[in-house]
Amino acid sequence: MATRSKKAKTVSEAELVQLTSEKDYVPQSAGLAEGDQGPDVARLQHYLLDFGYMQAPNLEPFGAETRGLAEPPAAMGVFDDNTAQALESFQQFNGLPVTGKLDEATLELMNKPRCGFPDVAEFVLQGSKWNKTHLTYGYQNFTPDLTQAQTRTAIAQAFGLWSAVTPLTFTEVPMGSNPDIVIRFVAGNHGDGNNFDGPGGVLAHAYYPPPGGGALAGDTHFDEAETWSVNLPASGIDLVTVAGHEFGHALGLAHSQVNGALMYAYYGGPHRKVEADDIAGIQALYGSGKKWYGWENLGGILTSGIGVSSWAANRLDCFVRGTDNRMYHKWWNGSSWLGWENLGGILTSAPAAVSWGPNRIDTFVRGTDNRMYHKWWNGSSWLGWENLGGVLTSGIGVSSWATNRLDTFVRGTDNRMWHKWWNGSSWSGWENLGGILTSAPAAVSWGPNRIDTFVRGTDNAMWHKWWNGSSWSGWENLGGVLTSAPAVCSWAANRLDCFVRGADNAMWHKWWNGSSWSGWENLGGVLTSEPAAVSWGANRIDTFVRGTDNRMYHKWYA
Ligand code: CA
């Protein structure tokens, strides 16, 4: 057991600048604890200084708040109380057990490649953002690992992750035009006081918007010691993923503590998309830039609400009951509306519809005998009606979480919610899920083995019950005053958008962004049915309602 050095001295500012510009900072073995000494302790201290867990001068250009951080170590190479305090905050920020010791789990995470932007939770300039939405970028140089065309395509794709969910646009300009964001591929000491470290370790870093990064504001540097790749599977470090992450910093985002978010500090392979946590962060700074369009009058004479599904991007299939109680189908093929197609049957409810794969549609209705009936499109023809039994006192909610999987939900004669599913080869019996329903259920799936259902309760509020892959939740009260059944759709993992008719007969919207529920947004209109909703892509929602003239109306978010 090492003992504390009696010769320990305070580290000067100049020494700290020197130490934090050396990059030999990943400790070699686990087990270090307070009182230990040696080069491995110094490496641990370098790591904690570099990534924002102790007060250090290299944090300043990143706009990082040093107040509240652990003091620097009294001596490099001596595991003192300051070092333990910094290690504890590292463990806490990254969701590890807080031991204050360099245990195996902590060392394993430290060995992963990551972003060079510090993790400090508080930033002096947190919330700093560009005061314009049309930003420019330019290349000071390119990587020899890729052609310039490959780099340009990858960088544009990375910017596109953020422009898709904000009003921001990004345009390449020559360096002579003074671009907002300067892109460099550089190794080792490249003049900004944050030297790169050779292959692995730090992959890249970027600086906050003005005034945060000073002259470096928005600039994004990639470690040329890495092998940059644009292939999938990756043959090196995926440039789209790392650039997408770094541009998040260049736009004003700090690191996310959500493992799996694009803004998570550690690189775990190609991840070319923004997650709910990333979207919430960037939209808090710049807004979504997206809006609602409509109402579009699609005609028809409806005697029910609408069922809607989508089996491809920019594809919509709507189903309604006509004046003859038959089911009618109208669809959008990407360029125009077609229909109405008469699909027969005698309906005593609105139709429900879902798609589990390309060119596949499954519809469900209640028949005159109150049984559930199923009719489906297999890509070339309509089949059914198949009698699925039950005694229904409502329309149907339907969702699908996998190819050839169907989950249906109805209200029974006891006003409970009942569930019947198709597992790819046979139909289950009816499962009683409880509750006291005053509407048809709505259902959606945002991922494998995930189902979210919504109903109106006896208090006219919206209630939520979900399947997490192993069990059903209780009923969550989401409030509101509903005068119809709810509708629900999802355009991303862990995203839910609910629509209802309110007491004023307008359509109201409430959504889950992955971490919390919004309030109720009034979308207007005068509805004479419950809404229907579907999504065919990220940030895209299509809703359908019956108007006071019994026509079908369409309102969409893009
Ligand atoms: Ca590196």
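For the structure, see preceding data.
Note that the coordinates shown come from a computational prediction; the quantities given were computed from them, not determined experimentally.

Rules used in this analysis
Residues numbered from 1 in each chain as written. Predicted model: local features only at pLDDT ≥ 70, side-chain atom pairs only at ≥ 80, totals over all residues. Heavy atoms only, no water. Phe/Tyr/Trp six-rings, centres within 6.5 Å; stacked < 30°, edge-to-face > 60°. Buried < 20%, exposed > 50% of the residue type's maximum accessible area, 1.4 Å probe, protein only. Donors = N, O, S within 2.8 Å, 3.2 Å for Na, K, Ca; no water. Tetrahedral: all angles 85-135°; square planar, octahedral: opposite > 155°, others 65-115°. Helix = DSSP H or I, 4+ residues; strand = E, 2+ residues; numbered from the N terminus. Axes fitted to C-alpha atoms, helices over the stretch in contact; angles between N-to-C directions. Parallel < 35°, antiparallel > 145°, perpendicular 65-115°, else oblique. Left-handed = near helix turned anticlockwise from the far one by under 90°. Contact = heavy atoms within 4.5 Å. Nonpolar A, V, L, I, M, F, W, Y, C, P; charged D, E, K, R; others polar. Salt bridge = Lys/Arg side-chain N within 4 Å of Asp/Glu carboxyl O.

### Things to note about the packing of aromatic side chains
So, step 1. Enumeration according to the criterion identifies 29 aromatic pairs in this entry.
So, step 2. Aromatic pair phenylalanine 222 and tryptophan 228: ring centres 5.5 Å apart, planes at 85°, arrangement edge-to-face. The pair formed by phenylalanine 222 and tryptophan 228 is uniform in burial state, with each residue classed as buried.
So, step 3. Measuring from centroid to centroid gives 5.7 Å for tryptophan 467 and tryptophan 472, while their planes differ by 50°, and the two rings are tilted.

### Quick notes on the coordination of the calcium ion
So, step 1. Taken together, Asp197 (OD), Gly198 (O), Gly200 (O), Val202 (O), Asp223 (OD) and Glu226 (OE) make up the protein donors of the calcium ion, found 2.2 to 2.3 Å from the metal.
So, step 2. Taken together, the six donor atoms coordinating the calcium ion span angles of 83 to 175° at the metal, a pattern that classifies the geometry as octahedral.
So, step 3. One chain supplies every donor to the calcium ion, and in sequence these donors are spaced D-G-x1-G-x1-V-x20-D-x2-E. Of this pair, glycine 200 sits in the loop between β4 (181-186) and β5 (202-206) while aspartate 223 sits in strand β6 (residues 220-223), and the two are 23 residues apart along the sequence.
So, step 4. Residue class for glycine 200 comes out partly exposed when judged on its relative accessible area of 24%.
So, step 5. With a relative accessible area of 0%, aspartate 223 lands in the buried category.

### Structural notes on the packing of helix α2 (residues 39-50) against helix α3 (residues 81-93)
So, step 1. Where α2 meets α3, the axes come as close as 10 Å, and the angle between the chain directions of the two elements is 55°. Between α2 and α3, the angle falls in the class oblique. Judged by the twist between their axes, the crossing of α2 over α3 is left-handed. In this structure, α2 contributes Leu44, Gln45, Tyr47 and Leu48 to the contact, and α3 contributes Thr83, Ala86, Leu87 and Phe90.
So, step 2. Class assignment of the residues belonging to the contact of α2 with α3 gives a composition of six nonpolar, two polar and no charged.

### Points about the pattern of salt bridges
So, step 1. Per the counting criterion, the structure on display carries twelve salt bridges.
So, step 2. In this structure, the salt-bridge partner of aspartate 119 is arginine 114, at a minimum N-O distance of 2.9 Å.
So, step 3. Salt-bridge contacts for aspartate 452 lead to arginine 450; the nearest nitrogen and oxygen are separated by 2.8 Å.

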